[in-house]
Amino acid sequence: MPAQDQDPSPHLRPLLAPLDEVPEVAGKARLLATAAGPRVLDLLFHLPERYVDRRRVTRLSEAADGDIATVPVLVESVTAPRNPSQPWVVKCSSERALIDLVYFLRARWVGPWLARAFPEGAARTVSGRVRRYGPRWQMDAPDFVSPPDTIPDLQPIWPLVKGLGPKDMQKAVAASLARLPEVAEWGDAALLQRRRWSSFTASLRVLQAPTSIPPQEATDRLAYDELLAGQIAIGLVRRAVLTRPGRSLTGDGVLREKALAAFGHKPTEAQAHALREIDADLAAPRRMLRLLQGDVGSGKTLVALLAMLRAVESGAQAAIMAPTEILARQHLRTFQRLAGAAGVECALLAGSVKGKERSRVLRRLAEGSLPLVIGTHALFQEGVAFRDLALVVVDEQHRFGVAQRLMLTEKGTETDVLVMTATPIPRTLLLTQWGEMAVSRLEGRPAGRKPIVTRIINRDRRDEVLAALRRAFDKGDRAYWVVRAIEEGEAHDNVAAETTFAALKEVFGERVRLAHGAQTLEVREAALSDFAAGRAQLLVATTVVEVGVDVPEATIMIIEQAERFGLSALHQLRGRVGRGTAQSYCLLLPSSELVEGEKRRLAVIRDTEDGFVIADADLDFRGGGDALGTRQAGQMGRRIADPQRHAPLVRIAHQDATLLLERDPDLSATPRGRAARDLLTLFDHDLTLKPLAAG
């Protein structure tokens, strides 16, 4: 049996099991899955965010206000509250100091429970944060009371969710560590020695169940393992692509010329350069796998269409897949205008296309009479067949991993792949997330577009904003009003789409429409269509308009609670205006007085439109946030690696993976190669092997 067809890691099955199959934690499995993920492995990768040393301060005479202290006490009395606003107080002494243990609890069981836990004259040891109030110390609701609790010397603090306590997490982690097998070493021996890194399992144990403050090397080791897994997965796909035969796609340029004539502008130099790179790939006798990375409004769609027309000129078919039907329909309108001018028919294939129309599209794709198709995931479902699919374009589909991007080509023979993203990617992360691809980068904006004026407006100037909107509407302009939530939330200042729509409709009447993700597709599309056609001038929306909405007449973008959006999201939303020749504006309305960090973040958006500058700033501000994308099988998603701290390890992991695959291309001939299969499984890249086995 070929090595790829075997289960590479049967000994890892206990880690891949669902948490509800672990008897010790089954009752909390749902909450644990919410906090960490559904599997034992997910819980083990749910690392503590900090550690509390409970033995550093053992006497109140050594304590400073605010310290965590673990001290012996002698119970003097339990005092009940005299009114509901007061707490229960357990008065104690500790050596020569006085300390009150304070409990703000209201239930009937509190008094009897405290009487049993703290009988007069009893000796206890308590651990928690202490505060100094005059001659007495105070500890609010001690974290531990012994007996009966065992007070840990060092307590890991894990991120939790409501209903899940620290002791629940500690018990679950202990049960998961008991299922952790030893694994063969996939790391380079010289690197491990130079970095003073312990094994994978030892590093995981020291972080999850420490006896002393874990060294940074333990986190670095696991971060490197995660990065190495991603680079090996990327390397496997790159090798598969480069070794598979492709086809040469050339054309006479006639269809492109007609489409460009309908477009009305020459491609920018950046677009022309990207097209030359794409054309060279298409003409080469190997498969293309290229990332077209362009900022908001840089003209990626035109480049994609011209590439697809090259495939049509060669007598083949091309398809473009978008992550949402809204974006797919937007592409359809653009393609019908430009490709239609060249006499090239195109159609939509998405979930809402049903019945006779769906049958017609499927039939014509199979017989080859439909050269261009635009769609969603429906394009690649079973039952969708092409006569000769030569080029696949994947738009804004960063949720696809390297394995999935490879599998998309299976609808054709020797199919080329072009992936587009409007999300600017810092240069230091390109290797991590898109390393298996050649990259074409569009910089600059299409001719005729003016810079967008961005301003930060205090919410107490809302009436001025409404007056400015009325003046703009009287001139025929259109505007977006974007909020974060669909309905009111718990926070008192949470701005919701439904209530904002109702309030603005009272001001502007039938000029207003509403679009959000909880609506049916038909209702949402109707609102977007009315806005695009000018039947409405104000669109209240959530981030459903972040990508794929192209209304050149829209000149104003208003974003409420702007400080709660990420910089990249703000940049994407701003990119919905400034798509025509008129001057456009973006107004950021914070929810309240900004703190210093929020001021700096919004100032970045105000002061630059360069998405790559913004992406780098977003990475700096977010620090250890999920900057590398969502965790998907076959994709580099961050669980442990910090994009700032561990950036230098990316290149080392890349070089290490390259050397490993040169020596053992199938990860089956050497002990380290076989161990790397465990690594791929542990970091959810094992699916990368499956399409390779299929050839």
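About the thresholds
- For every chain, the first residue of the written sequence is number 1, and numbering continues from 1 along that sequence.
- For this predicted model, a pLDDT threshold of at least 70 governs which residues receive local features, and a threshold of 80 or more governs which side-chain atom pairs are given and counted, while totals over whole chains, interfaces and linings are taken from all residues.
- Side-chain numbers here rest on the full set of heavy atoms in the structure, without hydrogens or water.
- Helix numbering and strand numbering both begin at the N terminus, where a helix is a DSSP run of H or I of at least 4 residues and a strand a DSSP run of E of at least 2.
- Per-residue accessibility, obtained with a 1.4 Å probe over protein chains only, is compared with the maximum for each type, and a residue is labelled buried under 20%, exposed over 50%, and partly exposed between these values.
- Residue contacts are counted whenever heavy atoms from the two residues lie within 4.5 Å of one another.
- Residue-level accessible areas treat just the shown protein chains as cover; the underlying method is Shrake-Rupley with a 1.4 Å probe.
- Note on ring pairs: Phe, Tyr and Trp rings are taken, using the six-membered ring of Trp, and paired if centres are within 6.5 Å. Classes follow the plane angle, with under 30 degrees stacked, over 60 edge-to-face and the rest tilted.
- Only strands joined by at least two bridges in the DSSP assignment are considered to pair.
- Every axis in this analysis is a line fitted to C-alpha atoms, fitted for helices over the stretch in contact. Angles between the N-to-C directions lie between 0 and 180 degrees.
- Throughout this description, the term salt bridge denotes a Lys or Arg side-chain nitrogen within 4 Å of a carboxyl oxygen of Asp or Glu.
- For every residue, the pLDDT score states the predictor's confidence, bounded by 0 at the bottom and 100 at the top.
- To sort the angles, those under 35 degrees are grouped as roughly parallel, those over 145 as roughly antiparallel, those from 65 to 115 as roughly perpendicular, and the leftovers as oblique.
- By definition, any crossing whose near helix is turned counterclockwise from its far helix by less than a right angle is left-handed, and any crossing with a clockwise turn is right-handed.
- Under this grouping Gly is polar, as are all residues other than the nonpolar Ala, Val, Leu, Ile, Met, Phe, Trp, Tyr, Cys and Pro and the charged Asp, Glu, Lys and Arg.

(A) Looking closely at the overall build of the protein. Secondary structure summary: the protein contains 24 helices and 21 strands in total. Looking at the 695 residues of the protein, the share that counts as buried comes to 55%. Look at the contacts in the protein between residues 6 or more apart in sequence, and 72% of them connect residues 24 or more apart. Here the protein displays about 30,200 Å² of accessible surface, and carbon together with sulfur accounts for 51% of that area.

(B) Seen up close, the packing of aromatic side chains. Within the structure shown, the criterion is met by nine aromatic pairs. Each ring, one from Phe-45 and one from Phe-683, has its centre 4.8 Å from the other, and the planes form 15°; the classification is stacked. Taken together, the residues span a long stretch of sequence, with Phe-45 in the loop between helix H3 (40-44) and strand S1 (50-53) and Phe-683 in the loop between helix H23 (671-682) and helix H24 (689-693) at a distance of 638 residues. Taking the relative accessible area as the measure of exposure, Phe-45 reaches 4% and is therefore buried. An angle of 50° between the planes, with centres 6.4 Å apart, marks the rings of Tyr-103 and Phe-118 as tilted. Placement of Tyr-103 in strand S4 (residues 97-103) and of Phe-118 in the loop between helix H4 (110-117) and strand S5 (123-133) is noted, with a sequence separation of 15 residues between them. The buried category is assigned to Tyr-103, whose relative accessible area is 6%. Through successive ring pairs, a cluster of aromatic residues spans Phe-45, Trp-186, Phe-200 and Phe-683.

(C) A look at the sheet that holds strand S19 (residues 538-541). An order of S16-S21-S20-S17-S19-S18 is seen for the six strands of this open sheet, with the pairing classed as parallel. Each having just a single partner strand, strand S16 (453-456) and strand S18 (512-515) make up the two edges of the open sheet. Direction aside, neighbouring strands of the sheet carry axes that sit 15° apart on average. Direction of pairing for S18 relative to S19: parallel, over a ladder of four bridges.

(D) Just the pattern of salt bridges, in detail. Under the criterion given, the structure shown has 35 salt bridges. A salt bridge links Arg-39 to Asp-684; the nearest nitrogen and oxygen atoms lie 3.0 Å apart. Residue Arg-39 is found in the loop between helix H2 (29-35) and H3, and its partner Asp-684 is found in the loop between H23 and H24; the two are separated by 645 residues along the sequence. When sorted by exposure, Arg-39 lands in the same class as Asp-684, which is buried.

(E) Representation of the sheet that holds strand S15 (residues 438-442). Read across the sheet, seven strands follow the order S11-S12-S10-S13-S14-S9-S15 without closing on themselves; strand pairing throughout is parallel. With partners counted over all chains shown, the strands left at the sheet margins are strand S11 (346-349) and S15, one partner each. Strand after strand, the sheet turns through a mean of 20° between neighbouring axes, direction not considered. In the packing of helix H10 (residues 269-283) onto the sheet, contacts are made with strand S9 (289-294), strand S13 (389-395), strand S14 (416-421) and S15, and the angle to S15 comes to roughly 160°. Most of the contacts of helix H11 (residues 300-313) go to S13, to which it runs at about 170°, and overall it touches S9, strand S10 (317-321), strand S12 (372-375), S13, S14 and S15.

(F) How the structure looks around the confidence of the model for the protein. Across the protein, pLDDT averages 85, with 88% of residues at or above 70. pLDDT under 50 marks residues 623-637. Its contacts with residues more than four places away, or in other chains, come to 54 contacts. Taken as a whole, residues 691-695 scores under 50 in pLDDT and shows eleven contacts with residues more than four places along the chain or in a different chain.

(G) Fine view of the environment of Thr-58. Its place among the elements puts Thr-58 in the loop between S1 and strand S2 (68-79). Separated by 69 residues in the primary sequence, Thr-58 and Ser-127 have C-alpha atoms spaced 9.1 Å apart. Apart from residues lying up to four places away in sequence, Thr-58 is in contact with Thr-70, Val-71 and Pro-72.

(H) Fine view of the packing of H11 against helix H12 (residues 325-341). Two elements in contact, H11 and H12, have axes whose closest approach is 11 Å; the angle formed by their N-to-C orientations is 55°. Judged by the inter-axis angle, H11 sits oblique to H12. Regarding H11 and H12, the two cross each other, and that crossing is right-handed. Taking contact as the criterion, the partners of Thr-301, Leu-302, Leu-305 and Met-308 in H11 are, on H12, His-331, Thr-334, Phe-335, Leu-338 and Ala-339. Here the residues of the contact of H11 with H12 sort into six nonpolar, three polar and no charged.

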